[in-house]
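Residue-level structure breakdown
As a plain string of letters, each chain reads:
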Amino acid sequence: MTASSNDRQNAYIMGYFRSGPGQSHKDETLHYAYSRDGMHWYELNENKPVWASRLGEGILRDPFIGKGPDGKWHLVFTIRPRGPFIGYATSDDLIHWKEERALPVMKDIPNTVNSWAPEFTYDSVHEQFLVYWASSVGEDLSSSKHYCARTTDWKTFSSAELFYDPGFQTIDASLAWHEGKYYMAVKDESHVYEPLKYPHPPMNFLAVSDQLEGPYERIPGVQTPDYTEGPEFLWIDSKKKWLLYYDYWAYGKFGVMESADMVQWSDESDEERTRFPYRARHATMFSVSEQELLRLLDKYALLAQYRTPTYSPVRVAAEESEGFFHDGFSMRSITMEIRPQSAAGTQVLLDEGDSTNGLALRIRDGRLEASVCSNGIRLLVSGEPIQLDMTQWNHVAITYDDGKLCLYVNGNLKGEGSAPFTIVRAHDSSGGYGGRFGTDAFGDHGSKAAFDGGIKNVRIYSVPLQREDFRAIGRRL
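In short, a report on the structure. (Residues numbered from 1 in each chain as written. Predicted model: local features only at pLDDT ≥ 70, side-chain atom pairs only at ≥ 80, totals over all residues. Heavy atoms only, no water.)

What follows is about the layout of surface pockets. Put simply, the largest pocket is a space of about 940 Å³. Of all elements in the fold, only β3 (42–43), β17 (241–248), β18 (253–259), β20 (280–287), β28 (394–401), β29 (404–409), β30 (412–418) and α3 (467–476) reach the threshold of two or more residues within the lining of the largest pocket. Within the lining of the largest pocket, the residues separate by chemical class into 13 nonpolar, 10 polar and 19 charged. (1 Å grid on protein atoms, 1.4 Å probe; cavity = no way out; pocket = protein on both sides within 12 Å on 5 of 7 lines; lining within 4 Å. Points joined across faces, edges and corners; volume = space filled by probe spheres on them. Helix = DSSP H or I, 4+ residues; strand = E, 2+ residues; numbered from the N terminus. Nonpolar A, V, L, I, M, F, W, Y, C, P; charged D, E, K, R; others polar.)

Laid out in structure tokens, this is it:
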């Protein structure tokens, strides 16, 4: 990864496998989340797998994903059974993975016990991929060092060579290029097998080199907290800063540090300022284009869409006990295009649930208003008087993000508020758009309060879309 490779992009994907504290509740498959700032990550596909490996025991751990100069995405990962192999697959779109195979990167080194947490960096000088990973050679896992090999086509590889050996056990290396130097974040695992000789708990430290292949020298005084592993770099261009993520594998959570120069770091792990997917482990973070992100959102977050223009209320859910318009949720986005004839009176644009548990959007006396309620507790958000163009289609949206409710008009935030609850509980009421279908989340009932105009391109997402997403969607529409 390099800083320049992420320039002018603020769309990011996390790839991860899942487990609970102490490696419990394991789900060793590929999962995705997305972010706009690198600090708040929202799980795609409702935190379910997006791809599963068929290699060996079907285990996929420690995924790392990067794009090559050929425009293709390449995925490497830890597989089982243990031995000289790492997993590999490639994709054109991050959705369809192909050419899956086990790469025998340590085949020329006898008695290889394992090949863990592979990553790679493209060497533009030699026009090769440098692939690196941790292996123990001998009888057990007590001699881990980092090895590397080079390839141009992911089919033929140079012989494995020692890449990094500081004199004690290390695993989980990750590289980044910054201002002419290569930086390595790597886990010090010496305490695990030699606790008397190395009494400090496991953690990650940083090393630096003028060359990709090394040698790397440790940067004094820079390390992640105790009992962390799986470090990963991500450049945030909007902030001109690096983020360094690390995994508290025993505690089942993530932490993050921030730096502008790779030397001075600040801890940004305050849980009020970060959000990570539940049970995410040892992740890869990378930037994507707006088009790539929209494609992933459509594939893994879009619950329903209704493109056809309509000029009367549309019921999308009957009175039922389950379904996407009845299930409880902590994240939601609903976007639509509207062309009003007037902004007078009460006109309901969205009606999901009821006055006990629900979500609703309306125009009332010239203002756009939203309401969310759970267990009868209600939050109402009202925007300034709206200026809707009666001669063309306007894009409006409502988002719900773990208790935060936001209103958008044509990609601009028009109102927001925070509820004293996170989950909107399940509800069995009928619902739809363009009118009211019973009692809505505002607590109103009776007439349909139909929207006076046309509605089209209604989309319901399982994530809270961000301002940049709405603008990207608007450009596509």
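Right, let's talk about empty space enclosed by the protein for a bit. For the structure on display, the rule yields one cavity of 30 Å³ or more. A volume near 30 Å³ is recorded for the largest cavity. Lining the largest cavity, in full, are V316, F325, I334, L350, G432, Y433, V458 and I460. Within the residue set of the lining of the largest cavity, elements represented by two or more residues are β31 (431–433) and β32 (453–461). For the lining of the largest cavity, the class distribution of residues is seven nonpolar, one polar and no charged.

Tallying each qualifying case throughout the model produces 29 aromatic pairs. Ring geometry for F120 versus F129: centroids 5.7 Å apart, planes at 85°, classification edge-to-face. In this structure, F120 and F129 share a single accessibility class: buried. The rings of F64, Y88, F120, Y122, F129, W154 and F157 are connected pair by pair, giving a single aromatic cluster. Geometry around F205 places R218 over its ring, the cationic atom sitting 4.2 Å from the centre. (Phe/Tyr/Trp six-rings, centres within 6.5 Å; stacked < 30°, edge-to-face > 60°. Buried < 20%, exposed > 50% of the residue type's maximum accessible area, 1.4 Å probe, protein only. Lys NZ or Arg CZ within 6 Å of the ring centre and 35° of its normal.)

A few words now on the pairing of strand β24 (residues 346–353). Of all eight residues that make up β24, seven are buried, and the element is covered over most of its length. By the bridge criterion, two bridges tie β24 to β31 in an arrangement that is antiparallel. Across the sheet, the residue bridging to L350 is Y433, located in β31. (Pairing = 2+ DSSP bridges.)

The next subject is a negative patch on the surface. Residues D267, D270, E271 and E272 make up a contiguous surface patch of negative charge. The residue E271 is located in the loop between β19 (266–267) and β20 in this model. With a relative accessible area of 62%, E271 lands in the exposed category. (Patch = residues over 30% accessible without salt bridge, like charges linked within 9 Å, V, L, I, M, F, W, Y side chains within 5 Å. Areas by Shrake-Rupley, 256 points an atom, 1.4 Å probe, with all protein chains shown as cover. Salt bridge = Lys/Arg side-chain N within 4 Å of Asp/Glu carboxyl O. Lys, Arg positive; Asp, Glu negative; His and termini not counted. Charge placed at Lys NZ, Arg CZ, Asp CG, Glu CD.)

Before going further, it helps to spend a moment on the sheet that holds strand β10 (residues 145–151). Strand order in the open sheet formed by four strands is β8-β9-β10-β11, with antiparallel pairing between adjacent strands. Only two strands of the sheet have a single partner each, and these edge strands are β8 (116–123) and β11 (161–164). Strand-to-strand twist in this sheet, taken as the mean axis angle between neighbours without regard to direction, amounts to 35°. Here seven bridges tie strand β9 (residues 128–135) to β10, and the two strands are oriented antiparallel to one another. Bridged to F129 within β10 is T151. (Axes fitted to C-alpha atoms, helices over the stretch in contact; angles between N-to-C directions.)

Summarising burial for β18: six of the seven residues are buried, a large majority. Note: β17 against β18, seven bridges, orientation antiparallel. By the bridge assignment, Y245 is partnered in β18 with V256. The loop that links β17 with its antiparallel partner β18 comprises four residues; one of these, G252, has a positive phi angle of about 70°. Hairpin connection, β18 to β19: the antiparallel pair is bridged by six residues, and M262 has positive phi, about 70°.

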